[in-house]
Amino acid sequence: MSQIETRQLIGSGLKQRTEEALADDFLRKAVAFTTDKLKTGKLKATDDFGDWEQWRERGRLIRTHVIDNLDYYLTQFTDNVSKAGGHVYFCCTADEAVKTFMELAEKRKAKLVAKGKSMVSEEIHLNHHLEDHGIEAIETDLGEYILQLAKETPSHLIIPAIHKNKQQIADLFNEESGESFPPETRVLADFARQKLRNYFLEADIGLTGCNFGVAESGSITLVSNEGNGRMVSTIPKSHVVIMGMERLVPTFDDLEVVLNLLARSATGQKLTTYTSMITGPRREGELDGPEELHLIVLDNGRSEQLGDPVFQEVLNCIRCAACLNVCPVYRHVGGHTYGSVYSGPIGAVLTPLLQQDMKEAGELAYASSLCGACYEACPVKIPLHDMLVQLRNRKVKMGLTPFAERTAFKTFQTVFGNVKLYKVAMNSAYYLQKPFISKGFIKKGPGPMSGWTQSRFFPMKPKESFRDKWNKLQQEMKSSAGSSAAPSVTSSADSKKRGEHHDH
Ligand code: SF4
């Protein structure tokens, strides 16, 4: 798939992308298999950890406190980055962040950028811009490297190539190298290791994201399981960090909590294999580290959520992907269906908010069964299912839902708000359904119902409703009670009111 095709995939509609994903048996099995493993690993790691609910609550409190006081912690953090010798740039938009990076690259006459995993750099489509300016950007995270060769975007927050198998990876590596590697993990990993090693040594700039910034010290925390983050941030002369403005914790004590929550929720590990804390560039007398450190702090729609009673909490996210692994929708369609770098339930909330686009990105609010599994899995207790309902509500209020849907719900509201109309509608439904009934079921529904009946039968509406049956039963009970003269609760109360007494 070419770069252009990848961009088009992002632009195609949600329905079309969903249909494509559902038709891809391999993708569905691969995503379900890996997310199952991650889910099981997480449960074990959290069980071993004692009272997980208390840890979750502590994580929620830390993140909520930071976001409530983001101006304070952002100032403290960036002041400390500057004190440690780093340079800080605040960027309101994706374009500003790209421009800032380009200026840094041009000043250093950079030809090669070695990248650690960074979802924010994906968010601003930095690779496309670097390519357009003749700068080679190499992804050094194995999953991201595979996707770069495949010219695809990540389909999972922490396992970007979750939808690829070993054979597909071997094919990509063979095409890249002209070799014929067998589809064996060790062989493929060895090839990537050798290949990427040279890039670390030759890169003019090392680019990383930032998992957490520690405000009290100005430290940038990076977690990785491959060690590439450490290479990218120490070998090239310049280290550029791009971080979302909300990724802060106040202190190292708080960092301990969120690192535990992140590793256990993401991969079921007690701690991610490599955890680096970088405070400024290399100091005099130190043996390694970059000569200069630049920090780009990106807003890009985040500050719009501050103060919002419903959506501010989405900024608490620590990007662990636990909500993706349990989501029945994500598990069936994978990440590309969401058409955004952020997929799954968090992507369905974050994408329309960051892009401030309720028309197209707002469609993602419907990519959910609202089962609440995402909330249960979230280590910082973000009520994503409630937010999805609120996003749907926002779309309706903005008049962005289709005319047919608006009319259907208006009719529904009128009928269900009026007893007489409701009764007429229910009685008519019995007769209207008749042409579609087969053995007690509607197997091929008309109009919008056809989607439902494509994969399951719809039970026919019985002639007599439950309400009618219930009323009839009540009547029968009353008349039989009257004939045998047995006291009922009501008759006894009535009697008391009238001052009558029964001898028992
Ligand atoms: S919303 Fe919660 S579960 Fe989902 S990625 Fe963010 S922190 Fe993890």
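Coordinates for the structure precede this section.
For clarity, every value in this text was computed on a predicted model and none was experimentally measured.

Caption draft 1: How the structure looks around the overall build of the protein chain. Scanning the protein chain from terminus to terminus reveals 23 helices and 13 strands. For the C-alpha atoms alone, the extent of the protein chain along its principal axes is close to 100 × 55 × 45 Å. A burial count over the protein chain gives 46% of its 504 residues as buried. Look at the contacts in the protein chain between residues 6 or more apart in sequence, and 72% of them connect residues 24 or more apart. For the protein chain, the exposed area adds up to about 26,400 Å²; of that, 55% sits on carbon and sulfur atoms. Distance between charge centroids for the protein chain: 10 Å, based on 62 positive and 62 negative side chains.

Caption draft 2: Geometry of the sheet that holds strand E12 (residues 441-442). On the basis of which strands lie adjacent, the open sheet formed by 3 strands has the order E11-E12-E13 and antiparallel pairing. Of all the strands in the sheet, just strand E11 (437-438) and strand E13 (458-459) have a single pairing partner and so form its edges. Note that E12 and E13 share 2 bridges and pair antiparallel. Residue pairing in the sheet places Phe441 in a bridge with Pro459 of E13.

Caption draft 3: Local environment of the nonpolar core. Counting residues in hydrophobic clusters, the biggest one holds 97 residues, and the most contacted among them are Phe101, Ile346 and Val349. Leu172, Phe173, Leu188 and Tyr199 belong to the second largest nonpolar core, which has 21 residues in total.

Caption draft 4: The arrangement of the site of the ligand in detail. Taken together, 14 residues lie near the ligand, and Cys317, Cys320, Ala321, Cys323 and Cys378 sit nearest. Each residue belonging to the shell around the ligand can be placed in one class, and the counts come to 13 nonpolar, no polar and 1 charged.

Caption draft 5: Seen up close, the pairing of strand E2 (residues 112-115). Neither face of E2 is open: one carries Leu112 and Ala114, the other Val113 and Lys115, and all of them are buried. Bridge analysis of E2 against strand E3 (residues 136-139) gives 4 bridges, and the strand direction is parallel. Across the sheet, the residue bridging to Lys115 is Glu139, located in E3. By the bridge criterion, 3 bridges tie E2 to strand E4 (residues 205-208) in an arrangement that is parallel. From the neighbouring strand, Ala114 faces E4, where its bridge partner is Gly206.

Caption draft 6: Local environment of helix H6 (residues 94-107). Here H6 contains 14 residues, and its C-alpha end-to-end distance of 20 Å stays within 8% of the 20 Å for a straight helix at 1.5 Å per residue. When H6 is considered as a whole, its buried residues turn out to be Ala94, Ala97, Val98, Thr100, Phe101, Met102, Leu104 and Ala105. Against strand E1 (87-91), E2, helix H8 (126-132), E4, strand E7 (238-244) and strand E10 (292-298) lie the buried residues of H6.

Scoring rules and cut-offs
Residues numbered from 1 in each chain as written. Predicted model: local features only at pLDDT ≥ 70, side-chain atom pairs only at ≥ 80, totals over all residues. Heavy atoms only, no water. Helix = DSSP H or I, 4+ residues; strand = E, 2+ residues; numbered from the N terminus. Buried < 20%, exposed > 50% of the residue type's maximum accessible area, 1.4 Å probe, protein only. Contact = heavy atoms within 4.5 Å. Areas by Shrake-Rupley, 256 points an atom, 1.4 Å probe, with all protein chains shown as cover. Lys, Arg positive; Asp, Glu negative; His and termini not counted. Charge placed at Lys NZ, Arg CZ, Asp CG, Glu CD. Pairing = 2+ DSSP bridges. Core = buried A, V, L, I, M, F, W, Y, C linked by side-chain atoms within 4.5 Å. Near = heavy atom within 4 Å. Nonpolar A, V, L, I, M, F, W, Y, C, P; charged D, E, K, R; others polar. Expected span 1.5 Å × (residues − 1).

Everything listed here is a matter of coordinates, which is why it stays silent on function.
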